[in-house]
Protein chains: 2
Amino acid sequence: MRETNDAGPRQLETVARACDVIDALEELDGAGVTELADYLDISKSSAYSYLSTLRTKRLVVKDDDTYRLSLEFLYLGKTIRHRHVLFEHGKQQVDRLAEETGEYVHLMCEQHGLERNIYKVAGENAVGDTYHTTKERKADFLHFTSTGKAVLAYLPDARVEAIIDEYGLVKKTENTITDRDALFEEIQTIRERGYAVNDEEEVTGIRAIGAPIRDANGAILGAVSVSGPTSRLNGDRYYETLPKQVMESANVTEASINMSNASRSL
Amino acid sequence: MRETNDAGPRQLETVARACDVIDALEELDGAGVTELADYLDISKSSAYSYLSTLRTKRLVVKDDDTYRLSLEFLYLGKTIRHRHVLFEHGKQQVDRLAEETGEYVHLMCEQHGLERNIYKVAGENAVGDTYHTTKERKADFLHFTSTGKAVLAYLPDARVEAIIDEYGLVKKTENTITDRDALFEEIQTIRERGYAVNDEEEVTGIRAIGAPIRDANGAILGAVSVSGPTSRLNGDRYYETLPKQVMESANVTEASINMSNASRSL
DNA sequence: GACGTCCGTTCCCGAAATGCGAACACATAT
DNA sequence: ATATGTGTTCGCATTTCGGGAACGGACGTC
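Residues numbered from 1 in each chain as written. Chains lettered and ligands numbered in written order. Predicted model: local features only at pLDDT ≥ 70, side-chain atom pairs only at ≥ 80, totals over all residues. Heavy atoms only, no water.

This brings us to the overall build of chain A. The helix and strand inventory of chain A stands at nine helices and seven strands. Evaluated residue by residue, chain A yields a buried proportion of 51% over its 266 residues. Nonlocal contacts in chain A, meaning residues at least 24 apart in sequence, comprise 58% of its contacts between residues at least 6 apart. For chain A, the accessible surface area stands at approximately 12,600 Å², while carbon and sulfur atoms represent 46% of it. For chain A, the distance from the average position of its 32 positive side-chain charges to the average position of its 45 negative side-chain charges is 5 Å. (Helix = DSSP H or I, 4+ residues; strand = E, 2+ residues; numbered from the N terminus. Buried < 20%, exposed > 50% of the residue type's maximum accessible area, 1.4 Å probe, protein only. Contact = heavy atoms within 4.5 Å. Areas by Shrake-Rupley, 256 points an atom, 1.4 Å probe, with all protein chains shown as cover. Lys, Arg positive; Asp, Glu negative; His and termini not counted. Charge placed at Lys NZ, Arg CZ, Asp CG, Glu CD.)

Attention shifts here to the UniProt feature "domain: HTH iclR-type" (unreviewed entry) in chain A. Cross-referencing UniProt, the feature "domain: HTH iclR-type" (unreviewed entry) maps to residues 12-71 of chain A in the present numbering. Segment residues 12-71 of chain A splits into 62% helix and 13% strand. End C-alpha atoms: 26 Å apart. (UniProt positions renumbered as here; feature names shortened; annotations may be inferred.)

It takes a turn of 180° to lay chain A on chain B, together with a shift of 0.0 Å along the axis; the resulting RMSD is 0.0 Å. With respect to symmetry, the two chain copies, as superposed, fit the operation of a two-fold axis. A high fraction, 100%, of the interface residues of chain A reappear at the interface in chain B, so the copies pair face to face through one surface. (Least-squares fit on C-alpha atoms with pLDDT ≥ 70 in both.)

Further remarks concern the packing of helix 1 (residues 13-28) of chain B against helix 2 (residues 33-40) of chain B. Residues and elements named next belong to chain B. Contact geometry of helix 1 with helix 2 gives a least axis separation of 11 Å together with a crossing angle of 110°. By the angle between their directions, the pair helix 1 and helix 2 is classed as roughly perpendicular. Read as a crossing pair, helix 1 and helix 2 show a hand that is right-handed. Residues Asp20, Val21, Ala24, Leu25, Glu27 and Leu28 of helix 1 lie in contact with helix 2, whose contacting residues are Glu35, Leu36, Tyr39 and Leu40. Here the residues of the contact of helix 1 with helix 2 sort into seven nonpolar, no polar and three charged. (Axes fitted to C-alpha atoms, helices over the stretch in contact; angles between N-to-C directions. Parallel < 35°, antiparallel > 145°, perpendicular 65-115°, else oblique. Left-handed = near helix turned anticlockwise from the far one by under 90°. Nonpolar A, V, L, I, M, F, W, Y, C, P; charged D, E, K, R; others polar.)

All names here are of chain B. Counted residue by residue, strand 7 (residues 220-229) has nine buried out of ten residues, so it is predominantly covered. Relative to strand 7, strand 3 (residues 104-111) runs antiparallel, the two sharing five bridges. Bridge assignment links His106 to a residue of strand 7, and that residue is Ser225. Sheet analysis places strand 6 (residues 206-214) next to strand 7, joined by nine bridges and oriented antiparallel. Counterpart to Arg214 in the pairing with strand 7 is Ile220. In textbook terms, the turn of a hairpin is the stretch between consecutive antiparallel strands, and for strand 6 and strand 7 this stretch comprises five residues, one of which, Gly218, has a positive phi near 90°. (Pairing = 2+ DSSP bridges.)

Shown next as structure tokens:
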């Protein structure tokens, strides 16, 4: 196949296809050989080779005639999270914040220009919350969440431009920021204020407060947020109390990371 | 390279190597190009191609010059678990069992002849437990855990033989069953009794009770267990109470699965 | 400040792996 | 019995991949 002559490192087609197989098995929630071949538009024999190889490598299991992703992914995912600097130093703060506020608390970071969730906890008021209890979310855009905007605010401008170029500014609600200049103004506000909000910009009826977590050099590592229904997030709580609490948690996490880094470089 | 002429479906070497890269990045907790190339004994340029492709496919991220596995694995792992029949129908029982017993409760299944953990909860007495709080475990052997033995007891004998042939009967403590015939006798006992024990067979000082979870056809799906120190798991509690509780949980889970399957086939 | 050394990245060509189509075995349904 | 659906196997033509060598940038050293 074509290999674009102007750009980028060499891409191994076989590896790329293996990744497509993994994606497909996730999307289809398991599949047979023919089903997968049709889905990916490859031959049956190829699909079979990919599945068999992934099975030998234990990333795929076979029940009867359907192939599924194995629990190796769960192990890898947990290991990755366990070692992540934000989880290591931030988990305690997230737990405390959920305890204090009673709301949903999220810890996330940016990867490939998208938001990735690292850890989340439901505070006691958050149980039964129809928005938050929906199943695990895939990577989402950064421009309509409080954590995402907190991260964008501390990424280099060029990087923000590149992300917008790649993904656009998809509109989710009436409040979603879909204008490039408006987003940069918002970023300016966030930098001045020290935290970001999501005022029904992703889902109507849901607000959130997000604070950035940065390292000693000022580089952005991720963000933490508290979110809940507008019926509970309003007035002083929304404008004063929660921002203070969220920023406090972010600061403590930053301090913990910096101390750890400092002692490491001795 | 050689493709063993006698056996098995075709293995795609490029896919296998990509899996090796993933494994290596997990084991090394991230690596540079040269480091990875040395580790896997491949050329620098190859290592670079693999990493670049996996990065494009978002399974790998790059911080400065070190490549790491991305949080996509966490997402995939959570999704896989969320959809797993044992998690769907067993989580509630595991939570209840942890509440009732105050001990650590595990839900697992067999994949590729090894034990894979699906879900675990710490009961209130289990916190600070040095054995259980150690980090996430990779796939383990089946013959020295209560859940593993519960599963072995209901796998076809030929399958059990094949698993022993593949992995052997590694000795972990003085109590570990390392003799093939002894294991089959144990399996017989488990079948008659309805549950399996781990009496300091994996770690000295730790006992466990595990019960199999089977579908309507009698096929084994996995197992649930309660584990803790011998100081708490002994006497009537170890021989009577806990086995009853664990089997009860397994039965309720089985019933839930069977009802779901029955209604699906209408 | 020039040198050596380490890294990640690029390039190219020959060797080797992969994709595909066709055929097979087996099951189920008509 | 026949037809259609699986998953699986095989061999060949083609493409891709592996590796060596060279480039360019970042350090650290003398």
